Amino acid sequence: MQITDTIADLLTRIRNASNAKHDTVEIPASNMKKAIVQILADEGYIKGYTVTDDGKQGVIKVTLKYGEGKTAAINGLQRVSKPGLRIYRNADELPKVMKGLGIAIISTSKGIMTDRQARKEHVGGEVLAFIW
C-alpha cells in the first residue's frame with residue numbers, strides 16, 4: 001500500500017498507540033521521520049526511540065511516555081501542512097502552539113526544528129505539525 005502523507009501516518013500511529021495505552025509503536029523509517037521523532041524525544045513527549053534495519057527501509061520503534069495513571073504525555077497531534085495544501089511561514093510569523101505550551105515542528109533550510117529553535121535562528125519554513 002502506498003502512503004502519500006508519511007508524516008500524517010507517523011502522527012496517526014503515535015496518536016492511536018497513545019490512545020490505546022500501548023508502550024511502543026513501530027513506524028517505517030525515513031530521515032524526515034527520524035528527525036521528527038528526535039524532536040519529540042528532545043522535548044520530552046516520548047521516552048525514546050530506536051531505529052532497526054529490516055533489510056528494506058528500516059523501522060523506528062517509539063517508546064511512548066505516560067504520567068500518573070497512564071495519562072499520555074502527548075495530549076494532541078495535528079498535521080498542519082499537507083501534500084495538497086502546503087503551509088509556509090516566515091520567521092516572524094511562526095505560530096505558537098497553545099501560547100508556548102506546545103511545539104510546532106518546522107521544516108527549514110537548516111533542517112527540521114521546533115518553532116522556538118527556528119525563531120532563535122531566524123529562519124522560516126514549512127509548518128509540519130503541532131504537538132501539545
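Going by the structure above, here's the rest.
This report concerns the structure included in the present document. (Residues numbered from 1 in each chain as written. Predicted model: local features only at pLDDT ≥ 70, side-chain atom pairs only at ≥ 80, totals over all residues. Heavy atoms only, no water.)

Here the focus is the packing of helix α1 (residues 6-19) against helix α2 (residues 31-42). Running from amino to carboxyl end, α1 crosses α2 at an angle of 40 degrees, the nearest separation of the two axes being 10 Å. Relative to α2, the element α1 is oriented oblique. Note that α1 runs across α2; the crossing there is right-handed. Of α2, the residues touching α1 (which contributes Thr6, Ile7, Asp9, Leu10 and Ile14) are Met32, Lys33, Ile36, Val37 and Leu40. Each residue belonging to the contact of α1 with α2 can be placed in one class, and the counts come to seven nonpolar, one polar and two charged. (Axes fitted to C-alpha atoms, helices over the stretch in contact; angles between N-to-C directions. Helix = DSSP H or I, 4+ residues; strand = E, 2+ residues; numbered from the N terminus. Parallel < 35°, antiparallel > 145°, perpendicular 65-115°, else oblique. Left-handed = near helix turned anticlockwise from the far one by under 90°. Contact = heavy atoms within 4.5 Å. Nonpolar A, V, L, I, M, F, W, Y, C, P; charged D, E, K, R; others polar.)

The next point concerns unusual backbone geometry. Positive phi is not limited to glycine here, since Lys21 has a value of about 60 degrees. Considering the arrangement of structural elements, one finds Lys21 in the loop between α1 and β1 (24-28). Positive phi, normally seen in glycine, also occurs at Met98, with a value near 50 degrees. Of note, Met98 is situated in the loop between β5 (88-89) and β6 (103-108).

Let us look at the packing of aromatic side chains. All told, the structure shown has zero aromatic pairs when counted by the stated rule. Its guanidinium or amino end placed over the ring of Tyr66, Lys70 lies 4.4 Å from that ring's centre, counting from NZ or CZ. (Phe/Tyr/Trp six-rings, centres within 6.5 Å; stacked < 30°, edge-to-face > 60°. Lys NZ or Arg CZ within 6 Å of the ring centre and 35° of its normal.)

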